[in-house]
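Working through the structure, step by step
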Amino acid sequence: MKAKDRLRIPAWLALLFCMASGSQMFAQDQPWAAPVRGSWLQTGPAGAGDVVLADQGSGCQIVLAGGESSIVRQAAEFLAGDIEKISGYRPAVVGQAGRDRVSIRLVTLGQGQTPDGIDTDAMQGQWEAYRVLTDGNTVWLVGSDSRGTAYAAYTLSERLGIDPLYLWTGYTPEHHDPLVLKATKFSQGPPTFHFRGFFHDDEDILPRPFDEHDYPSQIGDVALDWYKKFFETALRLRMNMVAPYTRVHRRFEVQKLASDWGLYYTSHHYDILVSNPWGLERFNLAKERGVRPEWNWFTNKEGMLKFWRGGVEENKSIDVIWPVGMRGTADRPYIFPRGITDADKARVFHEAIQDQVNMVKELLPEGKTPLFHFTMYTEMLDQYLRNPDAFDLPDDVIIVWPDDNNGHMRALPKALGRWKHGVYYHLAYLGGNLSKQNTHIVAPATIAEEFEKIVQAGATQFMLVNVSELREYVMGARMLADITWNAPSALESPDPAGRFVSWWSREYFGDAATAAAQAVYQQYSTLLDTPDKLWLASDAIQEFLDQLYERVAGRSAGPPDADTLALLESRGPKLAEALAAAEQAKKQMSREQQQYFTENAELGFQIAERQNRAARKLAAALQAPDDAQMWRLAEEARTPLEQLEMEMHWAEHPPFDTWYRESWIRSEYSRNNPHRAYNELRGFLTS
């Protein structure tokens, strides 16, 4: 039996579940089956059971019990702001409902009264489950725990018309006054993946001080408002975990904000016990913690333990999933003494991890459950696979399996053993030739195929995905959020990826443009499904310019590489065809939809096609019979690159000003840097 076949839910069972839930649409939804945003709005006359939330400057109250947590209170504030965005009326958040007032009541089990229409016994002990129920003049948002209650509020906001990705898409909700919620009885069970979150890595372009090279300072502060954008997006997608930036000055206010809003704070494979080894010397953390800045387990074991202890002491009051392991102070392997055996390395890993686990258990406040993950990134995976028994990880450590940085899992557990398992996944990645920093590359089909394997392997306790600065990766982020909440339905055969792209095209570009937008995304997944296809032309430009310099200097340059030229020639017409299809699709969209479609789909084609056209002109210049024709063709190569500069400028509207500028990541060594080809060609033409 194939993996995808084992994920199929029989139609009769799904129908029975819907019938048992009561009315209208109101069981747990199958992802990507129907429009979501605004789907609970009553756009005609209010019917029996509908609830008027706002009407001509007045309306409902949002009611919270006094014992509700900051997680629920923050969700209530977001909900109040969302209703204001849609209707113009902002509900007050109060502790007690006014008599005869319409109210939206947020209740976590055990914190207050719940209506008879919700089977709270069935919800007891469930993780992040929730119900939405209209009952007379009351809308009940009931969670099995505080995050469940918060997710009920975020679900209501989306169903009233708020795009959960609005911070990145720029979408504004349709205005509705009166604002009427349809009679609703909605049941959401627990998620498939227990912990689900975003890692915001490669922090190169966010506002902060610049260094002497005019690059964003790696020891500068990222503004708190950017963290708020990331955290809000995660919550609206019903994520419950975040790993904020690591190569920055880290402030406790960031970690605390995440925890207060409902997100477990964690970090990745070298940030052991969130102690920030990156800041060992850069931020004087070794000095502050009274240790010698020597990252050596064999000569400074107590110093390393004391340094890690500082991370626990700083963060023990908030919700943390503690990373354990042994790596260097940057994103590099730990350097063992020369000649050490694999068995001795495994012994060190085991000893260090056991000490880390014991330390956290010793320091956490009473009643706070310790949570740990061991992410087997790069060399740690190889070391583990060679001798897993030697590691003998503590039972309460989640084993996290990595992908290849490009969306394909490197390994998954063949048996779960006594541990829980999870995955570390990449939509974005910085790393030499594999850089993905300007446009999304991991295809929806890849995501669907890999997560079928992940679910079948049982690695569903933890999912952390690298999304860089997120803007370019919200399409994949939404797909992952839906899969990790309800994998059996999302991954149901046939063709879950096609179903997602069809839903995405309809949800973001409207019924009229759905088919055309979907066709463009299908072309995108064919032409730009791996990073090398994006920087192929940029590499060719560099190669051909080097040869042109040789020719100008009077040395033998040789012809352009035949294989490279053949690839460019074969891809050029396909990229041009895709851009023409994108322009046709935009004719059926609103101005707002056109803007986002340009940034999410068309920009990737523009980066690839403009550089492809320039590279082919330079190849022709290299083969020109005389210098006059060579210079003319080289000059013509500048036109598509100037066009690309203008197109990228149009994508740099507030709050994304200078988003694609050069930085310490988008610098000369980065192949995936659209400005590189333009600047180098200008340099040649003016040499």
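Scroll up to find the structure.
Quick caveat: nothing in here was measured; it's all calculated off a predicted structure. (Residues numbered from 1 in each chain as written. Predicted model: local features only at pLDDT ≥ 70, side-chain atom pairs only at ≥ 80, totals over all residues. Heavy atoms only, no water.)

1. Digging into the overall build of the protein
What counts is decided by this rule: We count a stretch as a helix when DSSP gives it H or I for four or more residues in a row; a strand needs E for two or more, and each element gets its number in order from the N terminus. We compute the radius of gyration over the C-alpha atoms and compare it with the globule rule, which gives 2.2 Å times the number of residues raised to the power 0.38. Residues are treated as being in contact if the distance between any of their heavy atoms lies within 4.5 Å.
Looking only at helices and strands, one finds 23 helices and 17 strands in the protein. Here the protein has a C-alpha radius of gyration of 27 Å; the compact-globule value for 687 residues is 26 Å, and the two agree. A principal-axis box enclosing the C-alpha atoms of the protein has dimensions of 90 × 65 × 55 Å. Of all intrachain contacts in the protein linking residues separated by at least 6 positions in sequence, the fraction that spans at least 24 positions is 75%.

2. Notes on the pairing of strand E17 (residues 462–466)
Threshold: Exposed residues in this analysis have more than 50% of their type's maximum accessible area, buried residues have under 20%, and partly exposed residues fall in between, with area computed by a 1.4 Å probe over protein chains only. Pairing between strands is defined by DSSP: at least two bridges between the two strands are required.
E17 sits mainly inside the fold: five of its five residues count as buried. Here E17 shows a buried face lined by Phe 462, Leu 464 and Asn 466 and a second buried face lined by Met 463 and Val 465. Bridge analysis of strand E10 (residues 195–199) against E17 gives five bridges, and the strand direction is parallel. Note that in E17 the partner of Phe 195 across the bridge is Phe 462. In the sheet, strand E16 (residues 421–426) pairs with E17 via five bridges, with the strands oriented parallel. Looking across to E17, one finds that His 426 is bridged to Asn 466.

3. Section: the environment of Val 107
Inspection of the secondary structure assignment puts Val 107 in strand E5 (residues 103–108). Owing to a relative accessible area of 5%, Val 107 belongs among the buried residues under this scheme. Along the sequence, Val 107 and Phe 78 sit 29 residues apart, while their C-alpha atoms lie 16 Å from each other. Setting aside residues no more than four positions away along its own chain, Val 107 makes contact with Glu 68, Gly 112, Gln 113, Thr 114, Trp 140, Leu 141, Val 142, Gly 143 and Thr 149.

4. Regarding the sheet that holds strand E4 (residues 93–94)
Rules: Note on method: axes are straight lines fitted to C-alpha atoms, helices fitted across the in-contact stretch only, with angles between N-to-C directions ranging 0 to 180 degrees.
Judged by pairing direction, the sheet is mixed, and its six strands sit side by side in the order E4-E3-E5-E7-E6-E9 without closing on themselves. Strands at the two margins of the open sheet, each flanked by one partner only, are E4 and strand E9 (185–188). Of the strand pairs in this sheet, strand E6 (residues 130–135) and strand E7 (residues 138–143) are connected by six bridges, and their pairing is antiparallel. Across the sheet, Val 132 pairs through a bridge with Leu 141, a residue of E7. Relative to the sheet, helix H3 (residues 70–87) contacts strand E3 (61–64), E4, E5 and E7, its axis offset from that of E3 by approximately 175 degrees. Running at roughly 135 degrees to E7, helix H5 (residues 146–160) makes contact with E5, E6, E7 and E9 of the sheet.

5. Some points on the sheet that holds strand E12 (residues 264–265)
Sheets are built from strands paired through backbone hydrogen bonds, the pairs being either parallel or antiparallel. Sheet architecture is open: eight strands sit in the order E12-E11-E10-E17-E16-E15-E14-E13, paired in parallel fashion. Strands with a single pairing partner mark the edges of an open sheet, and in this sheet they are E12 and strand E13 (322–323). Each of E16 and E17 is contacted by helix H15 (residues 444–457), which is oriented at about 165 degrees to E16, the strand it contacts most.

6. Concerning the packing of H3 against H5
Stated precisely, the cut-off is as follows: Orientation is classified from the angle alone, with under 35 degrees giving roughly parallel, over 145 giving roughly antiparallel, 65 to 115 giving roughly perpendicular, and any other angle giving oblique. Residues are sorted three ways: Asp, Glu, Lys and Arg are charged, Ala, Val, Leu, Ile, Met, Phe, Trp, Tyr, Cys and Pro are nonpolar, and all the rest, Gly among them, are polar.
Across the interface, H3 lies against H5 with an axial gap of 8 Å and an inter-helix angle of 10 degrees. Regarding the angle of H3 to H5, the classification is roughly parallel. In contact with Ile 71, Val 72, Gln 74, Ala 75, Phe 78, Leu 79, Asp 82, Ile 83 and Ile 86 of H3, H5 contributes Ser 146, Arg 147, Thr 149, Ala 150, Ala 153, Tyr 154, Leu 156, Ser 157 and Leu 160. Of the residues that constitute the contact of H3 with H5, the class distribution is twelve nonpolar, four polar and two charged.

7. Comments concerning the packing of helix H11 (residues 301–315) against helix H12 (residues 342–363)
The line we're drawing: Two helices crossing with the near one rotated counterclockwise from the far one by less than a right angle form a left-handed crossing, whereas a clockwise rotation gives a right-handed crossing.
Their axes nearest at 10 Å, the elements H11 and H12 cross at an angle of 40 degrees. In terms of orientation, H11 lies oblique with respect to H12. Relative to H12, H11 is oriented so that their crossing is right-handed. On H12, the residues that touch Lys 301, Leu 305, Trp 308, Arg 309, Val 312 and Glu 313 of H11 are Glu 351, Ala 352, Asp 355, Gln 356, Met 359, Val 360, Glu 362 and Leu 363. Of the residues that constitute the contact of H11 with H12, the class distribution is seven nonpolar, one polar and six charged.

8. Structural notes on helix H16 (residues 474–485)
Where we set the bar: Expected span of a helix, by definition, is 1.5 Å for each gap between consecutive residues, and there is one gap fewer than residues.
Look at H16: 16 Å from first C-alpha to last across twelve residues, which is about the 16 Å you get at 1.5 Å a residue. Among the residues making up H16, those that are buried are Val 474, Met 475, Gly 476, Ala 477, Arg 478, Met 479, Leu 480, Ala 481, Asp 482, Ile 483, Thr 484 and Trp 485.

9. A few points about the pairing of strand E1 (residues 51–55)
Pairing analysis gives three bridges linking E1 to strand E8 (residues 179–181), with the strands arranged antiparallel. Residue pairing in the sheet places Ala 54 in a bridge with Leu 179 of E8. Sheet topology note: the E1/strand E2 (residues 58–59) ladder contains two bridges and is antiparallel. Bridge assignment links Ala 54 to a residue of E2, and that residue is Gly 59. The turn linking E1 back onto E2 is made up of two residues, and Gln 56 within it adopts a positive phi angle of 50 degrees.

10. Thoughts on the environment of Asp 82
Within the secondary structure, Asp 82 is located in helix H3. When sequence neighbours within four positions are dropped, the list of residues in contact with Asp 82 reads Ser 157, Ile 162 and Arg 236.

11. A word on the packing of aromatic side chains
Definition in use: A pair of aromatic rings is counted whenever rings of Phe, Tyr or Trp (Trp by its six-membered ring) have centres within 6.5 Å, and the orientation is called stacked for planes under 30 degrees apart, edge-to-face for over 60 and tilted otherwise.
Applying the stated criterion to the full structure yields 46 aromatic pairs. Between Phe 500 and Trp 504, the aromatic rings sit 6.0 Å apart at their centres with planes inclined by 35 degrees, giving tilted as the arrangement. Within this pair, Phe 500 and its partner Trp 504 are both found in helix H18 (residues 496–527), separated by four residues, close to a single helical turn. Exposure remark for Phe 500: the relative accessible area of 0% places this residue in the buried category. You can call Trp 504 buried: its relative accessible area is 0%. Measuring from ring centre to ring centre gives 6.0 Å for Tyr 508 and Tyr 596, while their planes differ by 50 degrees; the resulting arrangement is tilted. Of this pair, Tyr 508 sits in helix H18 while Tyr 596 is found in helix H21 (residues 591–622), placing the two residues 88 residues apart along the sequence. Taken as a pair, Tyr 508 and Tyr 596 share a single burial class, namely buried. One aromatic cluster in this structure is built from Trp 32, Tyr 171, Phe 500, Trp 503, Trp 504, Tyr 508, Phe 509, Tyr 521, Tyr 596 and Phe 597.

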